[in-house]
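Results of the structural survey
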Amino acid sequence: MREPSSAVETTRGPVGESSPVTEPRRPNRSSTRAAAKKAARASKKRAAQRAGSSSRVAARVASKDASKRGPKGGTAPQSLADDPLGAPLTELPKLGAARAKKLADAGIATARDLLLTLPRRVVVYPEVISARDARKSVGEEVRVEGMLESLELVRFGGKRSRLRASLRDASGVVDCTWFNQPWLGKAWKRGETYTAFGVVRETKAGIVIDAPRLAVRLPDAGTVEPQYVSPPGVSDTALRGLCLAAVERWGGLLVESLPPEMLSRLDLPDLPTAVRYAHDPPGAAAFEAARRRIAFEPLLTVQARLARQNAGQITGRARPAPVDAKLDTELRAHFPYPFTGGQDEVIAELRRDLERKIPMRRLLQGDVGTGKTAMAAYAAMAVVESGGQVAFMAPTELLAEQHHYGLRDQLKNAGIECALLTGSTPKDERKWQLERLAKGDLHVLFGTHALFSADVMFPNLDLIVIDEQHRFGVAQRSALADKGRDAHLLLLTATPIPRTLALTLYGDLEVSILREAPPGRGSITTRWIQGQKKRSMAKWVGEQLADGCQVYWVLPRIGESETSTGPGAADRFETLSADARLSIAGVELVHGKVPAEERAFRLDRFRRGDIGLLVATTVIEVGVDVPGATIIVIEDAHRLGLAQLHQLRGRVGRGAGDSWCFLMGDKSAAERFELLEKTRDGFVLAEEDLRKRGMGDLAGLRQSGANREGLIDPERDLDLVLAARDATRADPALAANYARESGPRLVP
């Protein structure tokens with residue numbers, strides 16, 4: 001191992017002075033407000049510069065394909081004679097340029113796009129039931145027929161409104177409600193008979209059919225009808241009509257490009273049949289088979305393009321960093337705890353990757369608190385031992401600071417020099433660190449987007465570690481990788497990704513998974529707090545602080561906003577600080593607008609136990625590791641998603657003591673809260689979150705919502721994902737067809 005540096009390290013601090021790292025300097029509080037304003041101006045300037053740089057990088061990547069791309073979001077071949085499925089949608093009758101643009105903005109620009117646009121589901125219309133039975137069917141889809149007895153429109157201000165219609169039959173009355181669609185009622189007349197079809201829900205105003213389809217006549221019972229994800233400005237009915245018109249006009253041109261034995265093995269219909277049954281299904285089973293066949297198309301495209309991209313990147317010029325048994329023992333000695341079985345497996349995978357000339361491409365995903373950062377530290381030490389340098393990048397300054405703070409002593413004891421570079425690094429400090437980096441005197445550089453800068457030069461960049469990698473684009477990762485020659489790449493994510501989605505989105509990466517937390521950690525109990533318990537929370541927290549506990553109190557916003565009511569973190573800080581039961585333990589406030597130096601000081605006070613209560617926004621969602629903190633209160637928790645709530649919960653439970661997570665939010669998030677109460681398994685939560693939000697388009701821009709490619713339940717379609725990956729690897733001709741920028745050839 002490298003010789004350790006002296007026991008007391010003197011480095012250039014954030015303000016360019018020499019100071020021991022063991023005790024951060026307290027900033028002058030009288031200048032905090034001025035510093036905050038200055039930092040905000042500088043931050044805006046840096047953000048603009050970064051945006052320009054990022055745009056230029058993305059533009060360079062996109063320009064390679066620009067001449068081949070069609071209208072926004074869609075695809076178009078260079079010649080319609082070569083591929084008639086590239087025909088514009090305006091060839092359809094009664095489809096004007098305005099509606100065609102709305103479709104193109106949603107990724108539906110050509111005949112091919114429209115034919116392969118899958119419904120999100122099919123509806124099998126049920127028999128009519130009575131209004132009385134409908135009120136007993138909460139959570140179910142029902143069909144009720146009755147006279148329109150009343151129609152009421154209530155406006156709440158702005159564009160918000162509620163339309164309520166009451167249908168009466170011989171058994172009684174059932175209400176139907178629609179929000180923010182006031183125009184619907186203009187076509188309905190009191191006293192006439194209508195049929196409503198929708199889901200029954202229990203609301204504060206009672207049991208209603210929520211946003212049903214209401215018409216004089218609906219399709220007969222047993223009718224199978226597709227329902228689509230409609231772009232803004234295009235109704236579901238209109239989109240279905242366009243799809244049927246596309247099948248009529250272009251469906252006969254389709255041919256099947258996949259081998260018959262592959263279709264038989266996967267129990268899939270041929271493509272022409274699948275497209276016809278997707279838009280006009282004779283039954284639910286026929287639609288399901290059609291859905292799977294059409295869902296297979298984008299999976300093949302994604303895997304083929306990933307394979308092509310991966311083949312171009314791997315040149316076998318990486319510098320090997322072999323770790324023999326002796327070095328492995330030395331590296332492990334720098335960690336204060338033995339590795340778990342899962343960590344041992346990941347270490348073995350890292351050692352195999354690092355000893356090769358082919359650069360490592362590995363995604364390490366794991367639940368909160370499973371030790372991903374320790375695995376990255378092991379890889380970094382191994383690479384430095386072989387003479388290389390390491391870039392360790394995080395998406396936020398806070399996370400980069402926490403990584404640097406948490407690993408610097410460990411790296412120092414191994415004789416490894418490290419530093420932190422962010423947008424807030426003072427000019428003189430930045431210049432000094434970059435000089436050390438260029439000379440090779442700096443071995444590990446932690447940082448944010450600042451690492452993309454042209455003046456950040458690594459003479460021997462052999463490993464790139466990117467934490468919370470999903471927050472960075474492909475172009476950004478490529479820009480950092482360009483600073484080295486075939487550098488090894490280790491991507492970390494604390495957001496568990498279901499196996500199918502990982503294989504789909506990261507088919508060019510090897511995937512490692514950490515599930516098990518280090519031994520000796522206490523349990524975490526999660527509770528949804530309502531009513532009187534919510535009002536007495538501050539009192540209870542005061543009692544826990546008096547017993548020596550440390551507490552996070554988190555809110556989604558810094559202050560009140562125009563679009564929502566309720567306090568923000570700054571308001572809550574004032575309230576809690578004024579409570580003598582809490583202030584005696586010490587209260588601090590952390591959010592994204594606190595200057596970086598002051599924020600680091602406040603977090604360090606909390607970490608050392610000098611204060612008991614930290615009020616914060618979701619800026620502490622990742623990277624903050626305080627083993628002594630055993631309670632987290634999340635206020636307005638209904639404003640946060642399932643994954644974010646799970647990440648925040650991971651701030652506690654990092655020590656030996658048992659911990660508590662309290663969720664304070666309204667009933668709109670009851671399902672999320674109850675799921676969090678039941679399980680701590682981030683993979684279970686991620687799969688549930690994926691089912692609720694949808695995958696988003698696999699090769700498109702959207703990040704959530706039902707995907708138009710039709711992969712509705714990724715785990716259910718695991719066989720398709722694996723088949724797509726294996727087929728594109730085994731058959732170069734098939735892979736070349738699906739890797740085409742204009743899409744695979746589906747015509748003779």
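Let us look at the structure shown here. (Residues numbered from 1 in each chain as written. Predicted model: local features only at pLDDT ≥ 70, side-chain atom pairs only at ≥ 80, totals over all residues. Heavy atoms only, no water.)

The next thing to look at is the overall build of the protein. Within the protein, the secondary structure is distributed over 25 helices and 22 strands. Taking all 748 residues of the protein together, the buried fraction comes to 51%. Long-range contacts, defined here as pairs at least 24 residues apart, represent 72% of the contacts in the protein between residues at least 6 apart. Taken as a whole, the protein presents about 34200 Å² of accessible surface, with 51% of it coming from carbon and sulfur. (Helix = DSSP H or I, 4+ residues; strand = E, 2+ residues; numbered from the N terminus. Buried < 20%, exposed > 50% of the residue type's maximum accessible area, 1.4 Å probe, protein only. Contact = heavy atoms within 4.5 Å. Areas by Shrake-Rupley, 256 points an atom, 1.4 Å probe, with all protein chains shown as cover.)

This paragraph deals with the sheet that holds strand β14 (residues 461-466). Strand order in the open sheet formed by seven strands is β12-β13-β11-β14-β15-β10-β16, with parallel pairing between adjacent strands. The sheet is open, and its two edges are formed by β12 (418-421) and β16 (510-514), each paired on a single side. Mean inter-strand twist for the sheet, computed between neighbouring axes without regard to direction, equals 20°. The pairing of strand β11 (residues 389-393) with strand β13 (residues 444-447) spans four bridges and is parallel. By the bridge assignment for β13, F392 is matched with F446. (Pairing = 2+ DSSP bridges. Axes fitted to C-alpha atoms, helices over the stretch in contact; angles between N-to-C directions.)

Bringing the packing of aromatic side chains into the picture now. For any pair of aromatic rings, the description consists of the separation of the ring centres together with the inter-plane angle of the planes. Enumeration according to the criterion identifies nine aromatic pairs in this entry. Centre to centre, the rings of W178 and W188 are 4.9 Å apart; their planes meet at 45°, and the pair counts as tilted. Taken together, the residues W178 in strand β6 (residues 172-179) and W188 in the loop between β6 and β7 (193-203) connect sequence positions 10 residues apart. W188 gets classed as buried once you look at its relative accessible area, which sits at 13%. Aromatic side chains W528 and F673 sit 5.3 Å apart centroid to centroid with 55° between the ring planes, which places their arrangement in the tilted category. Residue W528 is located in strand β17 (residues 524-529), and its partner F673 is located in helix α22 (residues 670-678); the two are separated by 145 residues in the primary sequence. One exposure class covers both W528 and F673, and it is buried. Cation over ring: R436 sits above W432, and NZ or CZ is 4.9 Å from the ring centre. Across from the ring centre of Y405, 4.0 Å away, lies the NZ or CZ of R607, which sits over that ring. (Phe/Tyr/Trp six-rings, centres within 6.5 Å; stacked < 30°, edge-to-face > 60°. Lys NZ or Arg CZ within 6 Å of the ring centre and 35° of its normal.)

Glancing now at helix α17 (residues 537-546). All of the buried residues in α17 are M537, A538, V541, G542, Q544 and L545. Buried residues in α17, looked at end-on, bunch into an arc of 165°, giving them a common side. Following α17 by one or two positions, G548 has its phi on the positive side, about 100°. (Arc of directions from axis to C-beta.)

Attention now goes to the environment of C176. Counting through the fold element by element, C176 comes out in strand β6. Between the alpha carbons of C176 and D210 there is a distance of 6.0 Å; along the sequence they are 34 residues apart. Excluding anything up to four places from it in sequence, C176 contacts L163, R164, A165, L167, A196, I209 and P212.

Before going further, it helps to spend a moment on the pairing of β6. Both strand β5 (residues 160-169) and β6 contribute to a ladder of eight bridges, which runs antiparallel. Looking at β6, one finds that R162 is bridged to F179. Adjacent in sequence and paired antiparallel, β5 and β6 are bridged by two residues. Across three bridges, the pairing between β6 and strand β8 (residues 206-215) is parallel. Bridging from a neighbouring strand, T177 pairs with D210 of β8.

A few words now on the sheet that holds strand β22 (residues 659-664). Across a sheet, paired strands are connected by hydrogen bonds in the backbone, their directions being either parallel or antiparallel. Strand order in this open sheet of six strands is β17-β22-β21-β18-β20-β19, and the pairing throughout is parallel. Since the sheet does not close on itself, it has two edges, and those belong to β17 and β19 (587-590), each with one partner. Neighbour-to-neighbour, the strand axes of this sheet turn through a mean angle of 15°, independent of strand direction. By the bridge criterion, six bridges tie β17 to β22 in an arrangement that is parallel.

Across all of its chains, the model carries 38 salt bridges by this definition. For R213, the salt bridge identified is with E225, shortest N-O distance 2.8 Å. In this pair, R213 is assigned in strand β8 and E225 in strand β9 (residues 224-227), connecting sequence segments 12 residues apart. Across the salt bridge formed by R599 and E401, the nearest N and O atoms sit 3.4 Å from each other. Highlighted residues: R599 in helix α20 (residues 596-608) and E401 in helix α12 (residues 397-413), separated in sequence by 198 residues. Beyond isolated ion pairs, a larger network of salt bridges with shared partners links D328, R332, D344 and R351. (Salt bridge = Lys/Arg side-chain N within 4 Å of Asp/Glu carboxyl O.)

Turning next to the environment of T373. Residue position: T373 is located in helix α11 (residues 372-385). If near-sequence neighbours (up to four positions away) are discounted, T373 is found in contact with H403 and L407.

On to the nonpolar core, then. In this structure, M375, L463 and L490 are the most contacted members of the largest nonpolar core, which totals 37 residues. Among the elements that take part in this core, α11 stands out by supplying 11 residues, more than any other. Beyond its immediate stretch of four places on either side in the chain, L463 contacts M360, A379, A380, V383, Q389, V390, A391, A487, H488, L489 and L490. Among the nonpolar cores identified, the runner-up in size contains 32 residues, and L114, V234, L254 and L271 belong to it. (Core = buried A, V, L, I, M, F, W, Y, C linked by side-chain atoms within 4.5 Å.)

Time to look at the side chain of T177. Along the chain, T177 falls in strand β6. Exposure remark for T177: the relative accessible area of 4% places this residue in the buried category. Not counting the four nearest positions on each side in its chain, T177 is found in contact with L163, R164, V208, I209, D210, A211 and P212.

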